[in-house]
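Observations on the three-dimensional arrangement
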Amino acid sequence: LFAYMANWMLYGVLCVQVYLYYLAFPKDPLHNKIMVYIVFILETIQSAMIGRDVYVTFAKGFGNPDAINNIHLEWFTLPFLGSIVAGMVQILYAYRIHILSKSWIVS
């Protein structure tokens with residue numbers, strides 16, 4: 001249950017960071033803005049799916065010990081959405097390193 005609360009706390013931090021990015025970098029290239037907003041949308045979907053799992057497990061399944069053993073949508077949210085977001089962010093970092101170093105070998 002603590003991990004779910006930490007997820008929502010970090011989602012709040014992400015919302016503030018996206019808002020500050022929107023205010024601070026209005027002249028950023030379009031591909032950077034698209035990447036930020038796609039990652040934000042995917043994280044929003046992931047947090048909503050995790051919230052649904054928490055509700056089904058702890059609210060609807062209250063008093064039912066077998067409810068904790070059900071996986072629900074965690075099989076999709078954690079490995080698939082998490083790896084898609086991580087891959088997108090790492091590609092963006094590699095691109096930024098390539099721009100700074102001007103070498104494909106370093107990036």
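The structure we're discussing is the one just above.
These numbers come from a predicted model, not from an experiment. (Residues numbered from 1 in each chain as written. Predicted model: local features only at pLDDT ≥ 70, side-chain atom pairs only at ≥ 80, totals over all residues. Heavy atoms only, no water.)

Right, let's talk about the side chain of Ser47 for a bit. Within the element layout of this structure, Ser47 appears in helix H2 (residues 30-60). Residue Ser47 is classed as buried on the basis of its relative accessible area, which comes to 1%. Those residues in contact with Ser47 that sit more than four places away from it in its chain are Asn7, Trp8 and Tyr11. (Helix = DSSP H or I, 4+ residues; strand = E, 2+ residues; numbered from the N terminus. Buried < 20%, exposed > 50% of the residue type's maximum accessible area, 1.4 Å probe, protein only. Contact = heavy atoms within 4.5 Å.)

Let us look at the packing of helix H1 (residues 2-24) against H2. Between H1 and H2, the shortest axis-to-axis distance is 10 Å and the interhelical angle comes to 155°. Compared by their axis directions, H1 and H2 come out roughly antiparallel. With respect to the hand of their crossing, H1 and H2 are arranged in left-handed fashion. Residues belonging to the contact of H1 with H2 are distributed by class as follows: 15 nonpolar, 5 polar and 2 charged. (Axes fitted to C-alpha atoms, helices over the stretch in contact; angles between N-to-C directions. Parallel < 35°, antiparallel > 145°, perpendicular 65-115°, else oblique. Left-handed = near helix turned anticlockwise from the far one by under 90°. Nonpolar A, V, L, I, M, F, W, Y, C, P; charged D, E, K, R; others polar.)

Moving on, we come to the side chain of Glu43. Inspection of the secondary structure assignment puts Glu43 in helix H2. Notably, Glu43 is buried but unbridged: the nearest opposite-charge side chain belongs to Arg52, and the N-O separation is 17 Å. Ignoring sequence-local partners within four residues, the contact set of Glu43 consists of Tyr11, Leu14 and Val85. (Lys, Arg positive; Asp, Glu negative; His and termini not counted. Salt bridge = Lys/Arg side-chain N within 4 Å of Asp/Glu carboxyl O.)

The next thing to look at is the nonpolar core. Of all hydrophobic cores here, the largest spans 7 residues; its members are Met35, Val39, Leu42, Met49, Leu81, Val85 and Met88. Elements supplying a minimum of two residues to this core: H2 and helix H3 (74-101). The element contributing the most residues to this core is H2, with 4 residues. (Core = buried A, V, L, I, M, F, W, Y, C linked by side-chain atoms within 4.5 Å.)

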